[in-house]
Amino acid sequence: MRYEYTDGKNADFIALCGELDDYLNRLVGGEENRREYVQYNKTDDIDNAIVAYDGDVPAGGAAFKRYDSKRAEVKRVFVRREYRERGTALKLMTLLEKSAKSEGYDYLILETGEPLVEAMRLYKKIGFEIIDNYGQYKDMPDSVCMMKKL
């Protein structure tokens with residue numbers, strides 16, 4: 001597996017985000033049930049993304065963006081089904097953490113949800129802890145927010 005650092009304008013990263021949206025829509029019964037979240041999942045303001053490749057095939061991706069001077073927000077973590085359970089998501093998160101730390105961030109924060117069982121399991125395994133919902137997710141009861149000190 002090869003890992004390429006890029007940004008939110010990368011065509012492969014955008015395609016993976018589209019697959020993530022399709023997956024989330026199926027999980028929650030359609031985009032109408034995710035309507036309030038869609039606006040927070042744009043890729044054009046992401047300067048730090050990583051795409052995992054199996055040869056030339058994009059297998060997964062992850063990104064972060066500035067939240068404030070001390071915190072970066074993890075965005076759009078997704079691994080295609082056929083590449084799951086191979087350590088791809090763990091490697092993406094490890095590289096993301098190193099990149100955020102090298103850019104001077106002290107914490108990573110993220111928003112996820114209870115239906116994303118595998119994601120929640122991974123985040124807890126690597127040291128993320130549940131926190132009070134932050135920012136735009138504050139009044140969204142279906143959101144689960146997490147944080148990790150780098």
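Structure first, text after, so check above.
Residues numbered from 1 in each chain as written. Predicted model: local features only at pLDDT ≥ 70, side-chain atom pairs only at ≥ 80, totals over all residues. Heavy atoms only, no water.

Participant: Can you break down the sheet that holds strand E2 (residues 48-54) residue by residue, with the values?
Facilitator: If you trace the seven strands from one edge of the open sheet to the other, you get E1-E2-E3-E4-E5-E7-E6, paired in mixed fashion. Only two strands of the sheet have a single partner each, and these edge strands are strand E1 (2-6) and strand E6 (129-131). Neighbour-to-neighbour, the strand axes of the sheet open up by a mean angle of 30°, direction not taken into account. The sheet contact formed by strand E4 (residues 71-79) and strand E5 (residues 107-113) spans three bridges and is parallel. Within E5, the residue paired with Glu73 across the bridge is Ile109. Strands E4, E5, E6 and strand E7 (143-149) of the sheet are contacted by helix H4 (residues 117-125), whose axis makes an angle of about 155° with E5. (Pairing = 2+ DSSP bridges. Helix = DSSP H or I, 4+ residues; strand = E, 2+ residues; numbered from the N terminus. Axes fitted to C-alpha atoms, helices over the stretch in contact; angles between N-to-C directions. Contact = heavy atoms within 4.5 Å.)

Participant: Please provide a residue-by-residue account of the pattern of salt bridges, values included.
Facilitator: A complete count under the given rule lists eight salt bridges for this structure. Across the salt bridge formed by Glu19 and Arg80, the nearest N and O atoms sit 2.5 Å from each other. With Glu19 in helix H1 (residues 11-28) and Arg80 in the loop between E4 and helix H3 (88-102), this residue pair connects regions lying 61 residues apart in the sequence. When its relative accessible area of 26% is taken as the criterion, Glu19 is described as partly exposed. The exposure class of Arg80 is buried, given its relative accessible area of 17%. In this structure, Asp106 engages Lys70 in a salt bridge whose closest nitrogen and oxygen atoms are separated by 3.6 Å. One end of the pair, Asp106, is in the loop between H3 and E5; the other, Lys70, is in the loop between strand E3 (57-66) and E4, with 36 residues separating them in the sequence. (Salt bridge = Lys/Arg side-chain N within 4 Å of Asp/Glu carboxyl O. Buried < 20%, exposed > 50% of the residue type's maximum accessible area, 1.4 Å probe, protein only.)

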